[in-house]
Amino acid sequence: MPTPHDVIFSALADPTRRGIFERLCRGGEQTVGGLTALAGVSQPAVSKHLGVLKKAGLVLDRHEGRQTHYTARRQALAPLVDWTRQMTEFWESRFDDLDDLLKRMDQ
Amino acid sequence: MTTTSTETRSVVIEREFAHAPDKIWRALTQPHLIAEWLMKNDFVPTVDHRFTLTGDWGSVDCKVLEIEPQRALAYSWDAMGLESVVSWTLTPSAAGTHVRMEQAGFRPDQQQAFAGAKFGWQKFLGNLDEVVARID
């Protein structure tokens, strides 16, 4: 349960970062400069936010000359919507641990 | 969006254990045993008792909803924006005990089902289905 979910949630917990991600989802590929004009924070700050989003698998970057273009990876959100799949894995592994515990309780 | 506001999703895990119901019941309701297979906790087997499951990644807020010794146990399970109910049903079987766990929760587009307001999640999750619907 923890890993991919947690990374996505913490990456999107910051309102500025969430705003950048939503803008990329709606507006398609954009440069750091283009995003800075709309984000209301400095370009280094936007770059830092993009770095966090990239690490979480939420955006992809593409270098072209001196410009870096960013696109949203919407499919990274699928685990959030399909929580059932994640929880199924979680509970299957908990059941395994429960089984181990029950065996130990015999001794 | 065309989904109904009452739609829920659930996860069901069923397994046959070669152990008697009373033993499984102990594993499900005694804090030191729960900690061995699920998470650290302050569980008390009393209806309406609120408890927290704590993992190294965060915590889950729970409340006991139903207790029927050796047969049924249910508690709410609220974590990371998901409000759900976890229900355990124990049925004696030839081999030991049939254990059924169902976790039922709400879809992300049901704003009232999400306790994420403090993180500003509601607006975001409200848009999520729309965003995900465009996934290639």
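Residues numbered from 1 in each chain as written. Chains lettered and ligands numbered in written order. Predicted model: local features only at pLDDT ≥ 70, side-chain atom pairs only at ≥ 80, totals over all residues. Heavy atoms only, no water.

(A) Molecular detail of the overall build of chain A. A tally of helices and strands in chain A yields six helices and three strands. When the helices and strands of chain A are listed from N to C terminus, the series reads α-α-β-α-α-β-β-α-α. Here chain A holds 107 residues, and the buried ones make up 43% of them. Excluding contacts between residues fewer than 6 apart, the proportion of contacts in chain A whose partners are at least 24 apart in sequence is 54%. Put simply, chain A shows about 5400 Å² of open surface, and 50% of that area lies on carbon and sulfur atoms. (Helix = DSSP H or I, 4+ residues; strand = E, 2+ residues; numbered from the N terminus. Buried < 20%, exposed > 50% of the residue type's maximum accessible area, 1.4 Å probe, protein only. Contact = heavy atoms within 4.5 Å. Areas by Shrake-Rupley, 256 points an atom, 1.4 Å probe, with all protein chains shown as cover.)

(B) Seen up close, the environment of Phe95 of chain A. With respect to the helices and strands, the residue Phe95 of chain A is situated in helix α6 (residues 83–106). Apart from residues no more than four positions distant in its own chain, Phe95 of chain A is found in contact with Ile13, Arg15, Phe17, Trp88, Val99 and Met101 of chain B.

(C) Region of the structure containing the packing of aromatic side chains. The full count for this structure, using the stated rule, is 10 aromatic pairs over all chains. Ring centres 6.5 Å apart and planes at 70° place the aromatic pair Phe43 of chain B and Tyr75 of chain B in the edge-to-face group. Remark: Tyr75 of chain B occurs in strand β5 (residues 72–79) and Phe43 of chain B occurs in the loop between β2 (40–41) and β3 (50–55); sequence separation between them is 32 residues. Tyr75 of chain B carries the same exposure label as Phe43 of chain B, and that label is buried. In this structure an aromatic cluster arises from ring pairing among Phe90, Trp91 and Phe95 of chain A together with Phe17, Trp37, Trp77 and Trp88 of chain B. (Phe/Tyr/Trp six-rings, centres within 6.5 Å; stacked < 30°, edge-to-face > 60°.)

(D) Local environment of the side chain of Gln30 of chain A. Residue and element names in this part refer to chain A. By secondary structure assignment, the location of Gln30 is in strand β1 (residues 30–31). On the basis of relative accessibility, which here comes to 16%, the residue Gln30 falls in the buried class. Among the polar contacts made by the side chain of Gln30, one reaches the main-chain carbonyl oxygen of Arg23 at a distance of 3.5 Å. Beyond its immediate stretch of four places on either side in the chain, Gln30 contacts Arg23, Leu24, Leu35, Leu38, Thr68, His69 and Tyr70. (Polar contact = N/O pair within 3.5 Å; in protein donor to acceptor, adjacent residues only side chain to side chain.)

(E) The sheet that holds strand β2 (residues 59–64) of chain A, seen in detail. Residue and element names in this part refer to chain A. Sheet architecture is open: three strands sit in the order β1-β3-β2, paired in antiparallel fashion. Here the strands that pair on one side only, and so sit at the sheet edges, are β1 and β2. As paired elements, β1 and strand β3 (residues 67–72) share two bridges and run antiparallel to each other. Paired with Thr31 across the strands is His69, a residue of β3. Running over the sheet, helix α2 (residues 15–27) touches β1, β2 and β3 and is turned about 85° from β3. (Pairing = 2+ DSSP bridges. Axes fitted to C-alpha atoms, helices over the stretch in contact; angles between N-to-C directions.)

(F) Structural detail: the nonpolar core. Core analysis: the biggest nonpolar cluster contains 36 residues, and Trp91 of chain A together with Trp37, Leu38, Leu53, Tyr75, Trp77 and Trp88 of chain B have the highest contact counts within it. Ranked by residue count, the leading element in this core is α6 of chain A, at eight residues. Residues contacting Trp37 of chain B, with those up to four places away along its chain left out, are Trp91, Arg94, Asp97, Leu98 and Leu101 of chain A together with Ala27, Leu28 and Trp88 of chain B. Ile20, Phe21, Ala56 and Leu58 of chain A belong to the second largest nonpolar core, which has 18 residues in total. (Core = buried A, V, L, I, M, F, W, Y, C linked by side-chain atoms within 4.5 Å.)

(G) Examining the pattern of salt bridges more closely. Going through the model one piece at a time under the given rule, you end up with 11 salt bridges over all chains. Among the ionic contacts, a cluster of salt bridges with common partners joins Glu29, Arg62 and Glu64 of chain A. (Salt bridge = Lys/Arg side-chain N within 4 Å of Asp/Glu carboxyl O.)

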